[in-house]
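# What the coordinates show
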Amino acid sequence: MTSRLPLSVFIIARNEADRIARPIESVIDWVHEVIVVDSGSSDDTVAVAESLGARVVFHEWLGYGPQKRYGEDQCKHDWILNLDADEEVTPELAAEIKAKFADHTFNDADGWRIMIRDMYAHESAPAPWAYGYHQIRLYDRRKGRFSDSTVHDTVRPDPGAKLDNLSGIMAHRSIRSLDFQVEKYNRYSAMQVEDMRSRGRRLSRSRLITEFPVSFFKAYFVRRYRKYGWWGLILSMNYAHARFLRVAKAYEAELLDNKNTH
């Protein structure tokens, strides 16, 4: 095995100067290339990325899916590892990927799902009970690409593509602070409503009553935020409010529609 794997890594970013170093540093020494697709950062994101050896390309922001598809097109290799700017490959995951390329067992599947686990600013590693989800992040772009949805950034494998799971995890530092989380939820809920309306989807008004308590239960118990103690209570309340906000904004849009038609 060569010192660098025949693997391309791409990361989409905008104003991530405080976080972009971690994902780059977690892979830069063992992959062939790291590409950062910047959509117009006004901070030092570009300078930090380039100083660490990444190649930075500009692409105007058109939504999550289109941005990631553009990133795929910039890669020299067909095998791609995608990271977000708030994620990093753990040493265990790095060792697993290297081993699969060493014995060519990465070809046993066309796409590999990776567990992405939440990690907070006050933590040095994801908690054993941290909420996580599997996503296809190591994949052959000839057998699947990111969807072109502006809201959802998920790899859509081709029919018949073989998928498997890696055992290592990615650490997901999605929350800089509570201020950041609230701002993110507010922005993302507006995008979700716009996406739903473009597809003609409507939410039941009864969800204005049920959305908050159901979402709180899901976060506190199903996602096991309760194990974080008081911090978990805060996370659960914020998650429930974000879900409620999506329903509220959808209803607000209906009211405005009715006003404009009369």
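You'll find the structure just up there.
Keep in mind the model is a prediction, meaning the values are calculated, not measured.

Cut-offs applied
- Residues numbered from 1 in each chain as written.
- Predicted model: local features only at pLDDT ≥ 70, side-chain atom pairs only at ≥ 80, totals over all residues.
- Heavy atoms only, no water.
- Buried < 20%, exposed > 50% of the residue type's maximum accessible area, 1.4 Å probe, protein only.
- Helix = DSSP H or I, 4+ residues; strand = E, 2+ residues; numbered from the N terminus.
- Pairing = 2+ DSSP bridges.
- Polar contact = N/O pair within 3.5 Å; in protein donor to acceptor, adjacent residues only side chain to side chain.
- Axes fitted to C-alpha atoms, helices over the stretch in contact; angles between N-to-C directions.
- Contact = heavy atoms within 4.5 Å.
- Left-handed = near helix turned anticlockwise from the far one by under 90°.
- Core = buried A, V, L, I, M, F, W, Y, C linked by side-chain atoms within 4.5 Å.

### Notes on the pairing of strand β4 (residues 79–84)
Successive side chains on a regular strand alternate, one facing one side of the sheet and the next facing the other. Within β4, six of the six residues are buried, leaving the element largely enclosed by the surrounding structure. Burial along β4 is two-sided: Trp79, Leu81 and Leu83 facing one way and Ile80, Asn82 and Asp84 facing the other are all buried. Across five bridges, strand β1 (residues 5–13) lies against β4 in parallel orientation. Along β4, the bridge assignment pairs valine 9 with leucine 81. Relative to strand β7 (residues 132–140), β4 is paired through three bridges, and the arrangement is antiparallel. When the sheet's bridge partners are listed, tryptophan 79 is paired in β7 with aspartate 140.

### Points about the side chain of glutamate 72
With respect to the helices and strands, the residue glutamate 72 is situated in helix α3 (residues 64–74). A polar contact is formed between the side chain of glutamate 72 and the side chain of tyrosine 139, at a distance of 2.6 Å.

### Looking at the sheet that holds β7
The strand order β3-β2-β1-β4-β7-β6-β10-β5 describes an open sheet built from eight strands, whose pairing is mixed. Both outer strands of the open sheet, β3 (55–58) and β5 (87–89), are each paired with one neighbouring strand and no more. The sheet shows a mean angle of 35° between the axes of neighbouring strands, taken without regard to direction. Summarising the sheet, strand β2 (residues 31–38) and β3 pair through four bridges and their orientation is parallel. When the sheet's bridge partners are listed, valine 37 is paired in β3 with valine 57. In the packing of α3 onto the sheet, the strands contacted are β1, β2, β3, β4 and β7, and the crossing angle to β1 comes to about 150°. On the sheet, helix α4 (residues 91–102) packs against β1, β4, β5, β6 (111–118), β7 and β10 (163–172) and is oriented at approximately 150° with respect to β10.

### A look at the packing of helix α5 (residues 178–198) against helix α7 (residues 230–260)
One can describe the packing of α5 onto α7 by two numbers: an axis separation of 9 Å at closest approach and a directional angle of 35°. Note on packing geometry: the crossing formed by α5 with α7 is right-handed.

### As for the nonpolar core
Residues Leu7, Trp30, Leu81 and Ile97 are the most contacted members of the largest nonpolar core, which totals 33 residues. Contributing elements (two or more residues each) for this core: β1, β2, β4, α4, β6 and β10. In terms of residue count, β1 provides more of this core than any other element does, five residues in total. Not counting residues within four places of it along the chain, the set of residues in contact with tryptophan 30 comprises Ser3, Arg4, Leu5, Leu7, Leu81, Val89, Ala94, Ile97 and Lys98. Ile12, Cys75, Ile136 and Phe146 belong to the second largest nonpolar core, which has 11 residues in total.

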